[in-house]
Amino acid sequence: MKLNPLNRRIGLALGGGAAKGIAHIGVLKAIEENGLEIEYISGTSIGALVASYYAFGKDIDTLEHISSEMSFTSLIGFKLQKQGIFSTKSIKEMVERDLGEVYIEQARIPLAICATDIATGEQVILREGKLADAICASMAVPGVFIPVEINGKTLVDGGITENVPISVLDKMGAGITIAVDLNGCPHYQNPKDIIAIMGNAIDIAIDLRTKEQLKKADLVLSMDLAHFSRLGNEQEFVELIELGYEGMQKKLNQFFWYRRIRYLFYVKKLLLLIAPIKIPDIFDLPKLFNKLVSKDRK
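Every value quoted in this text rests on a predicted model; they were computed, and no experiment measured them.

Undergrad: Explanation requested: helix α2 (residues 46-55) in the structure shown.
TA: Residue pairs spaced three or four apart in an α-helix point in one direction, given the helix's 3.6 residues per turn. Most of α2 sits out of view: 10 of its 10 residues are buried. Considered for burial, the residues of α2 that qualify are I46, G47, A48, L49, V50, A51, S52, Y53, Y54 and A55.

This is the structure we're talking about:
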């Protein structure tokens, strides 16, 4: 954790998770209700879609309204090719219908979209260029969706390299980073079709790397959404939004206490530099924080 008391600009990273991404709307709702301003935002796969809509000024009510379209069945276009089974054409049409043929750099909130170069295995962070193309690339699950060509690179799902794109937020200027992981559980649904089997295989591989990457964030919301489908949750979208909302509310309560105590910790260090005197136990950061978190759990 790298809390910087002088940089309070907040960056938010929304992770991939297919149709489970509806939960991101609840996360954003909780953040807004707590009076926090997101100054930088990044996303991978479905996280890139939600992050883009938010960065371009769509409010929570609008996001809730379009959440019914955030399903595999409504976003695919059948187009069998050597590189994939489905086309991202429907995704592109939806984005351009709702936001227009805009460019990433035109976003109201600085936006970064994570994709992967399937030819080199390298992460590609898109911060300029056509928004719809970037989202399609970030959501193009290998073998399922046809890759997207951008600037001579063949791009696929950003989750392969960083499913919760935290690393770019520091480079953008964030002093506080918040990460939302939709796959924060060690178990997976029993697959019933080939898409589910491929999804589980990809999730398992991605999750192992994500656990390490999440350590870079100041606040992490890891959600257990294993019982929800990655293909479509139209009937449960209210529940998913509520889970995201409740989870982030609880995390923010803990985090606010931590930041307050953290300032006391800096004061303690300053006092020790000025004079080697005994400092009251009120400045014992770990003890205070653990005590507060324990109370919150009760």
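Having seen it, we continue.
Undergrad: I tried to follow the pairing of strand β9 (residues 176-181) on my own but got confused; where do I start?
TA: Consecutive side chains of a regular strand alternate in pointing toward one face of the sheet and then the other. Burial within β9 is extensive, with six of its six residues counted as buried. Residues of β9 alternate between two faces, with I176, I178 and V180 on one and T177, A179 and D181 on the opposite face, all of them buried. Summarising the sheet, strand β1 (residues 10-14) and β9 pair through five bridges and their orientation is parallel. The residue of β9 that forms the bridge with G11 is T177. Note that β9 and strand β10 (residues 219-222) share four bridges and pair parallel. Of the residues in β10, the one forming a bridge with V180 is L221.

Undergrad: Help me understand the pairing of strand β8 (residues 153-157), please; the structure alone is not making it clear to me.
TA: Burial analysis of β8 places four of its five residues in the buried class, which makes it a mostly covered element. Pairing of strand β5 (residues 111-117) with β8, which is carried by three bridges, proceeds in the antiparallel orientation. Among the inter-strand pairings, D117 is bridged to a residue of β8, identified as L155. Direction of pairing for strand β7 (residues 148-150) relative to β8: antiparallel, over a ladder of three bridges. Within β8, the position partnered with E149 by the bridge is T154. In this antiparallel pair of consecutive strands, β7 and β8, the connection spans two residues, and N151 shows a positive phi of 55°.

Definitions and cut-offs
Residues numbered from 1 in each chain as written. Predicted model: local features only at pLDDT ≥ 70, side-chain atom pairs only at ≥ 80, totals over all residues. Heavy atoms only, no water. Buried < 20%, exposed > 50% of the residue type's maximum accessible area, 1.4 Å probe, protein only. Helix = DSSP H or I, 4+ residues; strand = E, 2+ residues; numbered from the N terminus. Pairing = 2+ DSSP bridges.

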